[in-house]
Amino acid sequence: MAKKLRLGVNVDHVATLRNARGGEHPCPVMAAKLAIKAGADGITAHLREDRRHIKDADIQRLRNELSAPLNFEMAATGEMLALARDIRPHAVCIVPERRAELTTEGGLDVWRAEAEIRNATAELTRSKIRVSLFVPPDPKQIDAAKRTGAPVIELHTGHYAHEREGELKKIIDAAAYASSLGLEVHAGHGLTFDNVKAIAAIPEIVELNIGHFLIGEAVFMGLDAAVKKMRKLMNEVRP
């Protein structure tokens, strides 16, 4: 039997909209609370080096005010590790980060940076923070992720979202392989109402993290309705 499928909502781009004008509105913390009320199981926020959307104060408020788990996305830098130890979110997802990119363009190259990521994982684990690694659906990277000691991986679904052909099988196979190694499997990036069902149907995946699309749809239908519709689509294939 497939495990319960959780929905994490990423509120980064509520902060993007706020920062375009300055001031306090719209508020990513308010968006997070609305998403939880609408059926989200957790909230994700990525604090980037350049603070282009989420700010330090947002992360602190999300940690203090949410009734659901906070998944803190970050690069494995000394600055971010120190912040994570101070804030103590439920989980940290270590992601690659390049200053010039518009959004996270791919998964971590854990195989090349294994020692660094192993050290970061150990440091976070000592602080009782659950660690996940955002990786491509590649067995070599999954093997390296397992060796770091991280208990969770999040499969990058961006190529599936934009290309589809051949990419779905890679994710299906990667999820099964990671689960066979004892890793908990999440997935995310580029998921929409139109493409989420095939990913939600993969029995080894237990969490989807979705952000930009839901915040964009909220402009037209409201965040409550957007989250509820995504939850409904997920439930149709994983009741």
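Right, let's walk through the structure included here.

What counts and what doesn't
- Residues numbered from 1 in each chain as written.
- Predicted model: local features only at pLDDT ≥ 70, side-chain atom pairs only at ≥ 80, totals over all residues.
- Heavy atoms only, no water.
- Helix = DSSP H or I, 4+ residues; strand = E, 2+ residues; numbered from the N terminus.
- Rg over C-alpha atoms; globule rule 2.2 N^0.38 Å.
- Buried < 20%, exposed > 50% of the residue type's maximum accessible area, 1.4 Å probe, protein only.
- Pairing = 2+ DSSP bridges.
- Axes fitted to C-alpha atoms, helices over the stretch in contact; angles between N-to-C directions.
- Parallel < 35°, antiparallel > 145°, perpendicular 65-115°, else oblique.
- Left-handed = near helix turned anticlockwise from the far one by under 90°.
- Contact = heavy atoms within 4.5 Å.
- Right-handed = clockwise from strand over helix to strand, strands pointing away.

**Observations concerning the overall build of the protein chain**
Argument step 1. The secondary structure content of the protein chain amounts to 11 helices and 8 strands.
Argument step 2. By the compact-globule yardstick of 18 Å for 239 residues, the protein chain fits well, its C-alpha radius of gyration being 17 Å.
Argument step 3. Considering only C-alpha atoms, the protein chain reaches an extent of 45 × 40 × 30 Å along its principal axes.
Argument step 4. Here the protein chain holds 239 residues, and 51% of them are scored as buried.

**Here we look at the sheet that holds strand β5 (residues 130-135)**
Argument step 1. The 8 strands are arranged β1-β2-β3-β4-β5-β6-β7-β8 in a closed barrel whose pairing can be described as parallel. Across the sheet, the mean angle from the axis of one strand to that of its neighbour is 25 degrees, orientation sign disregarded.
Argument step 2. Note that strand β4 (residues 91-94) and β5 share 4 bridges and pair parallel. Note that in β5 the partner of A91 across the bridge is R130.

**So, the packing of helix α6 (residues 139-148) against helix α8 (residues 167-180)**
Argument step 1. Running from N to C, α6 and α8 point in directions that differ by 25 degrees, and their axes come no closer than 10 Å. By the angle between their directions, the pair α6 and α8 is classed as roughly parallel. In the crossing of α6 with α8, the sense of the turn from one axis to the other is right-handed. Here P139, I142 and D143 of α6 lie close against α8, whose contacting residues are A174, Y177 and A178.

**Notes on the environment of L81**
Argument step 1. Mapped onto the secondary structure, L81 falls in helix α4 (residues 78-87).
Argument step 2. Under the relative-accessibility criterion, L81 is labelled buried at 8%.
Argument step 3. A sequence separation of 42 residues divides L81 from E123, and the C-alpha atoms of the two residues are 7.9 Å apart.
Argument step 4. Beyond its immediate chain neighbours, meaning those up to four positions away, L81 contacts M74, A120, E123 and L124.

**Notes on the pairing of strand β6 (residues 152-156)**
Argument step 1. Judged by how many residues are buried, β6 sits mostly within the fold: 5 of 5 residues are covered.
Argument step 2. With α6 bridging β5 and its parallel neighbour β6, the resulting β-α-β unit is right-handed.
Argument step 3. Here 5 bridges tie β6 to strand β7 (residues 184-188), and the two strands are oriented parallel to one another. Bridging from a neighbouring strand, I153 pairs with V185 of β7.

**Structural notes on unusual backbone geometry**
Argument step 1. Residue P26 follows H25 across a cis peptide bond; omega there is -5 degrees.
Argument step 2. As for its position among the elements, P26 is in the loop between α1 (12-21) and α2 (28-38).
Argument step 3. In this structure, K128 is a non-glycine residue whose phi angle is positive, near 60 degrees.
Argument step 4. Counting through the fold element by element, K128 comes out in the loop between α5 (114-126) and β5.
Argument step 5. Judged by relative accessible area, which is 75%, K128 ranks as exposed.
Argument step 6. The phi dihedral of H189 falls on the positive side, at around 115 degrees, and the residue is not glycine.
Argument step 7. With respect to the helices and strands, H189 occurs in the loop between β7 and α9 (196-200).

Read these as layout, nothing more, since geometry by itself doesn't imply function.
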